[in-house]
Amino acid sequence: MGGHKEQDVARQGFDVADAAPLLLDPQGMVTGWTGQAERLLGHSASETVGRKLAELLTPKDAERVPDLVERCRGDGGWAGLMTALHRDGRPVAVMVRITPTVEPRGRSPLLVLLSELAGSPGWDMSRAVLEQMVAGSSIGIAIVDTDLRFVWSNAALEQFGGGPAERRLGLRFADVQPGMDAEAVEAQMRHVLETGERVVGYEHVGRVRSAPLRDTAHMLSFTRLDDEQGRPMGVYYTVVDVTGWHRARQRLALLDRAGEHIGRTLDIMSTAQELADVAVPGLAEFVTVDLLETVLRGAELPSGPLAETDRVPLCRAGHRSLYEDLPRTVVKAGEAVAYLAGSPPVRCLTTGRSWRQEQLDPLATEWAVGAPGSRESTFLELGLQSVMIVPIRARGVTLGVTTFFRRRRENPFDADDLNLAEDLVSRAAVCVDNARRYTRERDATLVLQRSLLPHRLPEQDAVGVSACYRPADELTGLGGDWYDLIRLSGARVALVVGEVPGHGIAAAAAMGRLRTAVRTLAALDLPPEEVLAHLDDLVGRPARDGDDEAEAGSSEGQAVGAGCLYVIYDPVDGRCTMSAAGHPAPAVVAPDGTVTFVELPQGPALGVGGSPFESVELSLAEGSTLALHTDGLLGRGGPGPVDTDRDRLRRALERAADSLEPSCRAVMDALVPARPYDDVALLMARTKRLAPGRVAVWALPADPAVVAEARRSATRQLARWGLDELAFTTELVVSELVTNALRHAAGPVRLRLIHERSLVCEVFDGGATTPHVRHPRATDEGGRGLLLVSQLAQRWGTRFVAEGKIIWAEQSLDPSVE
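Residues numbered from 1 in each chain as written. Predicted model: local features only at pLDDT ≥ 70, side-chain atom pairs only at ≥ 80, totals over all residues. Heavy atoms only, no water.

> How should the overall build of the protein be read in this particular structure?
Scanning the protein from terminus to terminus reveals 22 helices and 32 strands. Across the 818 residues in the protein, those meeting the buried criterion constitute 47%. Contacts in the protein between residues far apart in sequence, at least 24 positions, make up 62% of those at least 6 positions apart. (Helix = DSSP H or I, 4+ residues; strand = E, 2+ residues; numbered from the N terminus. Buried < 20%, exposed > 50% of the residue type's maximum accessible area, 1.4 Å probe, protein only. Contact = heavy atoms within 4.5 Å.)

Next comes the structure, spelled out in structure tokens:
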């Protein structure tokens, strides 16, 4: 048999309208059988009378019959579930009620009532049983009529306040629970009355009479009650207190919101403010976030809690208040904040443990130290009632403290609130520490960037220059593009723009290596195509030699495929020579504003091998502007054709201002978005010409006697330039260089003096050998010429030209420079 239940029949009523009766004698023998019993079980009266009731039941229930008969004699009856056997052998679940009868002769037969349970959920409940169920339920239950007035309620409803059931009769919901939204609840009741649709799981938050000082949450369900004709007669509803579930859901929602809103940037102050914004009003009414000053600087911190003797400089990184006047003495974001020694914030910092107080001492003063001479406010004046302080710790390091305040006395912080605050702060702490680490790494990379790109371009008289750089790596600000201006001999300058594939630190490191190599090669006074050839060999050599350091990701491997444009401009005659390695040609803006692009043969990218590099020479009018740029300025990497990109650059250059620096920025802003696809470098140089009077040239015959005349000519020229103080050293330099040319070289000899920011002395001869400084012994009669020049000049060197070589020496015009 399925499960069974027993109940004292004396306390129950029973409707016998549909029951099948039969009689048993005191020994359990069937003595009376009815037509209802025959229809229920299929046995006729002749087949059952005289048989034991146990024979009509399943074996398991048959074993119980003797005991039940005895119980009925002593207890006055029994009710429960049994399984009978139909005549065809199938089991029939029945509700059984056994009641003793009384006869005058003293014999007491038993009346048995059988009720089939097919299609029934279980017992046929009497009103008394149903009343016991609803009256003893722990769920609040009530019935209101069509006017929404209470007509019945159980005892469990009293737990929410409003008095016993008899006091509710005739009242409406608002009369019983004025602290709840009665209109919303009664709207649900009317909807159920009008439509007959059940409302299940309606959640309502308010203040019930049993807890008038705090919000509680309740789950209500409504069902319409109809009479026998199907007409609405009222609404039956149940109430369950779900405050615990509601608060748990609120906590999860707050943590979800924290995950969504905290740490959206890598800015420390923004992250701290996001923590305060999330916590108000979901957890607290006023929140402050104070961080150590070292955290804001991105500095590394010692592990473990701070010692009590440590000086703890803090900064208010964020705060949020629900009320405009709470509190009136708040420290502004970004300002320093100090706490009294031994105060709870300092203890939380030093111990690394949280602290909570449900009720603050109203007469105690605030913990923050105010400005000298200022009056400290009490917590009563500030309106603060309850507090939690949670240290901000991440990876074993204390970063600061977060303080949570509430103003309402009836709702102090509890242990669950502290757990939530700790979870919230721990999530924010990781974001704050990530921002701190990013700040530290960014500062380091910015130092690297400043060391790789020129702080300022050198002063010279060949060109006016302006440069702009915009990296694609927004986080580090580093990329592989670079620009440079290098002073060369003879008042010339080298303009360089280049780019390394990729972004970030690896590309920047490779760029730094190439920039250093270019400056070193430029010091050799090589023509542009030779500079690129040496640079190509330098980049490709590690890969050709099988060097492990040239693997992808290393600075050597990163440099393979780099591009470079090298330009030399001579302000004496306006000649400009350039060569490119996998790099776009520069644009030239003529003095009248016409924009053209140099037809420059494209050499292969550095380190990949290919055809030799070629150079182009052109003459530029004074006031022409060279626009050297990396391919990011043209949007390379996109699908558009080169001619279209050049047209965009041409229009931007034509619209640019006359002044060079605004023009450079305007071109960059017109062509490059704030977050470009690729790194972009733009170097704009406006050409100048040295006045003819600042250059003097003499052709010298191949006669040793001409050395004296060369000295006199140089001295007279210095006098015209007002450089008499350099006459003595210049005479020595001219004498030694001219003598050296006449003695060791063949062909014509020329002497040239250039007066710009320094005095340059150049001697040209037709020789192809490189002079070297010798260190003669005291007894040697010669060999001291170049040694003397190296001592007298600020710098000196040799550069080769198509017809021979030029030995030059440069003297500073600044008397403070020796």
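> Teacher, can you tell me more about the packing of helix H9 (residues 243-261) against helix H10 (residues 268-279) here?
Working note: a packed helix pair is described by the angle between its axes plus the distance between those axes. Two numbers describe how H9 lies on H10: the axes approach to 10 Å, and their chain directions differ by 155°. Here H9 lies roughly antiparallel to H10, going by the angle between them. Seen along the crossing, H9 lies across H10 with a hand that is right-handed. Across the interface between the two elements, Leu 254, Arg 257, Ala 258 and His 261 from H9 touch Glu 274, Asp 277 and Val 278 from H10. Among the residues making up the contact of H9 with H10, the classes are represented as 3 nonpolar, 1 polar and 3 charged. (Axes fitted to C-alpha atoms, helices over the stretch in contact; angles between N-to-C directions. Parallel < 35°, antiparallel > 145°, perpendicular 65-115°, else oblique. Left-handed = near helix turned anticlockwise from the far one by under 90°. Nonpolar A, V, L, I, M, F, W, Y, C, P; charged D, E, K, R; others polar.)

> Sorry if this is basic, but what is going on with helix H4 (residues 65-75) here?
The periodicity of an α-helix, 3.6 residues per turn, causes residues three or four positions apart to be oriented the same way. Val 65, Leu 68, Val 69 and Cys 72 are the residues of H4 that are buried. Around the axis of H4, the buried residues are gathered within 105° of arc, so they sit on the same side. Summarising the geometry of H4, the exposed residues directed more than 90 degrees from the buried face are Pro 66 and Gly 74. Elements that come into contact with the buried residues of H4 comprise helix H3 (59-62), strand E3 (78-85), strand E4 (91-100) and strand E5 (110-116). Following H4 by one or two positions, Gly 76 has its phi on the positive side, about 90°. (Arc of directions from axis to C-beta.)

> Would you explain the sheet that holds strand E27 (residues 680-687) in this entry?
By way of backbone hydrogen bonds, the strands of a sheet pair with one another, either parallel or antiparallel. Across the sheet, which stays open at both edges, the 5 strands sit in the order E17-E27-E26-E22-E23 with antiparallel pairing between neighbours. What marks the edges here is a single partner per strand, and that holds for strand E17 (463-470) and strand E23 (595-597). Across the sheet, the axes of successive neighbouring strands diverge by a mean angle of 20°, strand direction being ignored. Sitting on the sheet, helix H19 (residues 660-671) touches E17, strand E26 (625-629) and E27, and the angle it makes with E17 is about 30°. (Pairing = 2+ DSSP bridges.)

> Got a minute to help me understand empty space enclosed by the protein in this structure?
Over the atoms, a rolled probe matching the size of one water molecule traces out where space is still vacant. Applying the stated criterion across every chain, the model contains 6 cavities of 30 Å³ or more. Roughly 120 Å³ of internal volume is contained in the largest cavity. Surrounding the largest cavity, 15 residues form its lining, Leu 157, Phe 160, Phe 173, Gln 177 and Val 239 being those nearest its centre. Among the secondary structure elements, those contributing two or more residues to the lining of the largest cavity are helix H7 (173-176), strand E9 (216-226) and strand E10 (232-241). (1 Å grid on protein atoms, 1.4 Å probe; cavity = no way out; pocket = protein on both sides within 12 Å on 5 of 7 lines; lining within 4 Å. Points joined across faces, edges and corners; volume = space filled by probe spheres on them.)

> Looking at this model, I keep getting lost on the pattern of salt bridges. Mind explaining?
When the charged atoms of two side chains with opposite charge come close together, those side chains can pair. In total, this model carries 41 salt bridges according to the counting rule given. Two residues, Asp 215 and Arg 207, come together in a salt bridge whose shortest N-O distance is 3.1 Å. In this structure Arg 207 comes out as partly exposed when scored by relative accessible area, which is 26%. Salt bridges sharing common partners tie together Arg 247, Arg 251, Arg 406, Asp 414 and Asp 417. (Salt bridge = Lys/Arg side-chain N within 4 Å of Asp/Glu carboxyl O.)

> For this particular structure, what's the right way to read helix H15 (residues 504-522)?
Its 19 residues place the ends of H15 27 Å apart at the C-alpha level, agreeing with the 27 Å of an ideal helix rising 1.5 Å per residue. Within H15, burial applies to Gly 504, Ala 507, Ala 508, Ala 510, Met 511, Gly 512, Leu 514, Arg 515, Ala 517, Val 518, Leu 521 and Ala 522. (Expected span 1.5 Å × (residues − 1).)

> I tried to follow the sheet that holds strand E14 (residues 355-357) on my own but got confused; where do I start?
Reading across the sheet, the 6 strands line up as E13-E12-E11-E16-E15-E14 and stay open at both edges, with antiparallel pairing between neighbours. If you trace the sheet from one side to the other, it starts and ends with strand E13 (336-337) and E14, each paired once. Alignment of strand E12 (residues 314-321) against E13, held across 2 bridges, turns out to be antiparallel. For Cys 315, the partnering residue across the bridge sits in E13 and is Ala 336. Strands strand E11 (286-292), E12 and strand E16 (397-406) of the sheet are contacted by H10, whose axis makes an angle of about 35° with E12. This element, helix H12 (residues 344-351), spans E12, E14, strand E15 (386-394) and E16 of the sheet and lies at about 145° to E16.

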